[in-house]
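Coordinate analysis (summary)
Below are the chains, spelled out letter by letter.
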Amino acid sequence: MTGKPRTSIYKNRWFAKFASRDGISDATLVAAIDQANRGLIDADLGGGLIKQRVAREGGGKSGGYRTLVFFRHKERAIFAFGFAKSDKDNFTAAELKVCEDRARADAGANRYRSA
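Being a predicted model, the structure only gives us computed values, none of them experimental. Counting from 1, residues in each chain are numbered in the order their sequence is written. Since the coordinates come from a predicted model, pLDDT governs what is reported: local features require at least 70, and pairs of side-chain atoms require 80 or more to be given and counted, while whole-chain, interface and lining totals use all residues. Only hydrogens and water are set aside when side-chain values are computed; all heavy atoms of the structure are taken into account.

Points about the environment of Arg6
Operational definition: Under the DSSP-based scheme used, a helix requires at least four consecutive residues in state H or I and a strand at least two consecutive residues in state E, with every element numbered from the N terminus. To sort residues, take the accessible area from a 1.4 Å probe on protein chains only and compare it with the maximum for the residue type: under 20% means buried, over 50% means exposed, and anything in between is partly exposed. Any two residues having at least one pair of non-hydrogen atoms within 4.5 Å are treated as being in contact.
Structurally, the position occupied by Arg6 is in the segment before β1 (8-12). Since its relative accessible area comes to 67%, Arg6 is described here as exposed. Through-space distance from the C-alpha of Arg6 to that of Lys74 is 6.7 Å; in sequence the pair is 68 residues apart. Residues contacting Arg6, with those up to four places away along its chain left out, are Lys74 and Glu75.

With respect to the side chain of Lys51
Within the element layout of this structure, Lys51 appears in strand β3 (residues 49-54). In contact with Lys51, not counting residues within four places along its chain, are Ile41, Asp42, Ala43, Leu45, Thr67, Leu68, Asn90 and Phe91.

Brief notes about the side chain of Thr28
Assignment of secondary structure puts Thr28 in helix α2 (residues 26-37). Beyond its immediate sequence surroundings of up to four residues, Thr28 is in contact with Val54, Ala55 and Glu57.

Thoughts on the environment of Leu96
By the secondary structure assignment, Leu96 is in helix α3 (residues 93-108). The spacing of Leu96 and Leu45 is 51 residues in sequence and 9.6 Å in space, taken between C-alpha atoms. For Leu96, the residues in contact, after removing those within four places along its chain, are Leu45, Leu68 and Phe91.

Section: α2
Threshold: Between the first and last residue of a helix there are one fewer steps than residues, each counted as 1.5 Å, and that sum is the expected span.
For α2, spanning twelve residues, the distance from its first C-alpha to its last is 16 Å, which sits close to the expected 16 Å at 1.5 Å a residue. Listed in full, the buried residues belonging to α2 are Thr28, Leu29, Ala32, Ile33, Gln35, Ala36 and Asn37. The inward-facing, buried residues of α2 contact β1, α1 (13-22), β3, β4 (65-72) and β5 (76-84). At the C-terminal side of α2, Gly39 shows a positive phi close to 95°.

Notes on α1
Note the threshold: Starting at the helix axis, one direction is taken to each C-beta atom, and the arc is that of these directions.
Of all the residues in α1, the buried ones are Phe15, Ala16, Phe18 and Ala19. Viewed end-on, α1 has its buried residues packed into an arc of 165°, placing them on one side of the element. Facing away from the buried surface of α1 by more than 90 degrees, the exposed residues are Lys17, Ser20 and Arg21. Looking one or two places after α1, you find Gly23, whose phi comes out positive at around 75°.

This is the structure we're talking about:
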């Protein structure tokens with residue numbers, strides 16, 4: 001086999017609905033994971049969970065979306081949760097804990113779809 005292996009990218013059910021509703025394209029998610037694979041991770045939350053900014057269509061990352069992603073470098077990425085920066089500035093510590101627990105439960109249950 002020639003060429004470099006590709007990272008498998010998935011969305012859980014909740015994130016798939018969120019992305020569809022907000023018009024976040026699969027190409028945008030792939031670009032976010034390409035950046036993570038190059039070491040451009042916005043926040044490493046530990047345990048393979050990262051927070052990654054995703055650009056809004058026709059705009060930049062600063063006014064875009066924040067996502068929680070289970071990430072294994074150059075192997076697998078599972079988009080688990082997201083929100084629009086215009087709706088919320090950031091996670092509180094309590095919200096982050098709930099989101100991490102939920103994201104881990106979803107990842108463990110294999111409830112995801114290809115991006």
